Amino acid sequence: MKDLSPITATPPRIRHRQTLALVLLVVTGVINYLDRATLAVANEFIRADLGLSLGQMGLLLSAFSWSYALCQLPVGALVDKIGPRWLLGMGLVVWSLAQAAGGLVSSFGWFVLARIVLGIGEAPQFPAAARVVSNWFPLRARGTPTGIYNSASPLGFALAPLCLSPLIAATSWHWAFFVTGALGLVAAVVWVALYRDPVREQLTEAERAYLDEGQTLEAAPEAGFAAWRALFRQRATWGMLLGFFGSVYLNWVFLTWLPGYLRTERHMDVAYVGVAATIPFVCGFAGALVAGWASDKITSRAKSTVLGRRTAVVLAMLGMVAFTIPAALVESNTVAIACISVVIFLANAASACSWSLVTAVAPRSRVASLGAIQNFGGFIGSALAPIFTGYIAQSYSFVPALLTGAGIAFLSAMSYQFLVIRPIPEWDKA
């Protein structure tokens, strides 16, 4: 039976820690995505400077995602074992140094290496964020904070062309990497200095009751690498891995190729492309924020928390598919931008809802592990999206590339729908 009792009022000290944690997660998340987007913003300048083809740029754009995806599995287990404070702090230092190194490279091979290290460093961001929300928010109130920290990704992409394009124009593309790398190092110090996990012994009875509301308190086994191996034996795990694959694949088609698509396929003027490429990501920011609130509302009316969170994900993904098709086929640039804006709005809504679903499906001691497995699937999709899109566009056009993304997203929505049915129970032995 679903617990329909109202959520206990948030104790003042808990509310303060929640606010601080979310502010820090949004700031680090924005820097995380500014770093990812720097390559896309400087795409044309780097291609001209290094003499890269569209296919080579697709490989370079995907290099980050391969290492990021492969690191998700060990990182998720490490977050559950060590905690988000130190793992995210170390990740910030590694990825910021790798980002700054991107401004020093002078060849394709060294650039690929810098992007691989960037992916390794950025791997803890979202598993750590899922664990932070699980630690500081009760089960039925996690949609809104998940939407808030997920809003950092479209916000980072929206800010990237606005902040980095003038910097590149005034200096060179190298300085875009140097400046964003420096921001990350400052954020690492602030995160480690300010963030703390809740310590149950230091909480009052009311604070413990608030954080435990809606959960079955079982003895949580120690998290380890055997834990995520055990998670792979669950049908829901595969549904989330395959589901997030298509959601992130279609999103990254636009994240990595939107400026190039607008210039190459739709022949837009350079000055207009900067504005046109920003609008969809502003919509994505709104999508992540609205999705968190909507996910909580849908869940409050659903038969179970899992089904409510899953329904929100599936509806958002089907909307992505529906609007990608006209975005690819219409002649009007204005209508195409409007459709792409809706797709990115829904893509970020789907992402926020997917991370909320993690906190509902995962055993209490495995939140970061399951979140990392889902994210692993998503960023295999993000690694393949720029490669396939680049080569399909080079061989044919961007139209079949976009329609391919829509088809993949539809199949992934069905994975969520038919494989993610109920929560995974806690177990004593992984």
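A few points on the structure. For every chain, the first residue of the written sequence is number 1, and numbering continues from 1 along that sequence. Only residues with pLDDT of 70 or above have their local features reported here, since the model is predicted, and side-chain atom pairs are shown and tallied only from 80 upward, although totals for entire chains, interfaces and linings are computed over all residues. Where side-chain values are given, they derive from all heavy atoms of the structure, hydrogens and water being excluded.

1. Here's the deal with the overall build of the protein
Quick note on the threshold: Secondary structure elements follow DSSP: runs of H or I no shorter than four residues count as helices, runs of E no shorter than two count as strands, and numbering proceeds from the N terminus. Note on classification: 1.4 Å probe, protein chains only; a residue is buried when its accessible area is under 20% of the maximum for its type, exposed when over 50%, partly exposed between these limits. We call two residues in contact whenever any of their non-hydrogen atoms come within 4.5 Å of each other. Using a 1.4 Å probe, the Shrake-Rupley method yields the accessible areas, and only the shown protein chains count as cover for residues. Within this scheme the basic residues Lys and Arg register as positive and the acidic residues Asp and Glu register as negative, but His and the chain ends are omitted. Note on charges: their place is set at NZ of Lys, CZ of Arg, CG of Asp or CD of Glu.
Assigned secondary structure in the protein consists of 17 helices and 0 strands. Expressed as a percentage of the 430 residues in the protein, the buried residues total 59%. A fraction of 86% describes how many contacts in the protein between residues 6 or more apart in sequence connect residues 24 or more apart. Total accessible area computed for the protein in this model is approximately 16,400 Å², and 69% of it derives from carbon and sulfur atoms. Averaged over its 29 positive side-chain charges, the protein has a centre that lies 5 Å from the centre of its 20 negative ones.

2. Quick look at unusual backbone geometry
Located in the positive-phi region is His267, a residue other than glycine, with phi close to 55 degrees. In this fold, His267 is placed in the loop between helix H12 (235–264) and helix H13 (270–301).

3. With respect to the packing of helix H1 (residues 12–41) against helix H10 (residues 205–212)
Condition: An axis is simply a line fitted to the C-alpha atoms; with a helix, the fit covers only the stretch in contact. Between two such axes, the angle follows the N-to-C directions and lies from 0 to 180 degrees. When an angle is under 35 degrees it counts as roughly parallel; over 145 it counts as roughly antiparallel; between 65 and 115 it counts as roughly perpendicular; any other value is oblique. Charged means Asp, Glu, Lys or Arg here, nonpolar means Ala, Val, Leu, Ile, Met, Phe, Trp, Tyr, Cys or Pro, and polar covers whatever is left, Gly included.
Between H1 and H10, whose axes approach to 9 Å, the crossing angle comes to 50 degrees. As summarised for this structure, H1 and H10 are arranged oblique, according to the angle between their axes. When H1 is examined against H10, the residues Arg13, Ile14 and Gln18 are found in contact with a partner set consisting of Glu207, Tyr210 and Leu211. Residues belonging to the contact of H1 with H10 are distributed by class as follows: 3 nonpolar, 1 polar and 2 charged.

4. Focus: the packing of aromatic side chains
Remark: the centre distance and the inter-plane angle together describe each pair of aromatic rings, the angle taken between the planes. Note the cut-off: For this analysis, a ring pair means two rings from Phe, Tyr or Trp (six-membered ring only for Trp) whose centres lie within 6.5 Å, classed as stacked if their planes differ by under 30 degrees, edge-to-face if by over 60, and tilted for the remaining angles. A ring is considered to have a charge above it if a Lys NZ or an Arg CZ atom is located within 6 Å of its centre and within 35 degrees of its normal.
The full count for this structure, using the stated rule, is 20 aromatic pairs. Relative to Phe177, the ring of Phe111 lies with its centre 5.6 Å away and its plane at 70 degrees, an arrangement referred to as edge-to-face. Of this pair, Phe111 sits in helix H5 (residues 108–122) while Phe177 sits in helix H9 (residues 173–194); the two residues are 66 residues apart in sequence, bridging distant segments of the chain. For the pair Phe111 and Phe177, a shared accessibility class is recorded, and that class is buried. Through pairs of rings, three or more aromatic residues link up here, namely Tyr33, Phe64, Tyr68, Phe126, Tyr149, Phe157, Phe244, Trp252, Phe281, Trp355 and Phe379. Over the ring of Tyr33 we find Arg36; its NZ or CZ atom is 4.0 Å from the centre of that ring. In this arrangement the basic side chain of Arg36 is found over the ring face of Tyr68, its NZ or CZ atom lying 4.7 Å from the centre.

5. What to know about helix H2 (residues 43–50)
So the rule is basically this: Arc definition: directions from the helix axis to the C-beta atoms.
All of the buried residues along H2 are Asn43, Ile46 and Leu50. The arc that holds the buried residues of H2, viewed along the axis, is 75 degrees, so those residues lie on one side. At its buried positions, H2 is contacted by H1, helix H3 (54–82), H5, H9 and H12. Directly beyond the C-terminal end of H2, a positive phi value near 65 degrees is found at Gly51.

6. Observations regarding the nonpolar core
Stated formally: Within this scheme, the nonpolar core is defined by two criteria: the residues are buried Ala, Val, Leu, Ile, Met, Phe, Trp, Tyr or Cys, and they are joined through side-chain atoms within 4.5 Å.
One finds Ile46, Phe111, Trp191, Val361 and Tyr416 to be the most contacted residues of the largest nonpolar core, which totals 136 residues. Sequence-distant contacts of Ile46, that is, excluding residues within four places in its chain, are made with Leu39, Gly51, Leu52, Met57, Phe111, Trp173 and Phe177.

7. So, the packing of H1 against helix H4 (residues 84–102)
Note the following rule: Crossings are sorted by hand: turned counterclockwise from the far helix by less than a right angle, the near helix makes the crossing left-handed, and turned clockwise it makes it right-handed.
The interhelical angle for the contact between H1 and H4, taken along N-to-C directions, is 25 degrees, at an axis separation of 11 Å. The orientation of H1 relative to H4 falls into the category roughly parallel. Along this stretch, H1 crosses H4, giving a crossing that reads as left-handed. In this structure, H1 uses Leu25, Thr28, Ile31, Asn32, Asp35 and Thr38 to contact H4, whose residues at the interface are Leu88, Leu92, Trp95 and Gln99.

8. Digging into a nonpolar patch on the surface
Heads up, the rule is: Note that patches include only residues with greater than 30% relative accessible area and no salt bridge, and the join distances are 9 Å for like charges and 5 Å for nonpolar side chains (Val, Leu, Ile, Met, Phe, Trp, Tyr). Each reported salt bridge corresponds to a side-chain nitrogen of Lys or Arg within 4 Å of a carboxyl oxygen of Asp or Glu.
A cluster of nonpolar residues, Trp110, Leu113, Ile116 and Ile120, forms a patch on the protein surface that exposes about 380 Å² of accessible area. Turning to its location among the elements, Ile120 is positioned in helix H5.

9. Quick word on the side chain of Ser412
When you line up the elements, Ser412 lands in helix H17 (residues 398–419). For Ser412, a relative accessible area of 5% corresponds to the buried category. Residues contacting Ser412, with those up to four places away along its chain left out, are Leu242, Gly243, Phe245, Gly246, Ser247 and Met317.

10. Quick look at the environment of Ser300
By the element assignment, Ser300 lies in helix H13. Separated by 128 residues in sequence, Ser300 and Ser172 place their C-alpha atoms 51 Å apart.

11. As for the pattern of salt bridges
One side chain can pair with another of opposite charge once the charged atoms of both are near each other. Tallied over the full model, the rule gives 3 salt bridges. The closest approach of N and O atoms between Arg13 and Glu207, which form a salt bridge, is 2.7 Å. Here Glu207 lies in helix H10 and Arg13 lies in helix H1, a separation of 194 residues in the sequence. Since its relative accessible area comes to 44%, Arg13 is described here as partly exposed. Among the residues examined, Glu207 registers a relative accessible area of 5% and is labelled buried.

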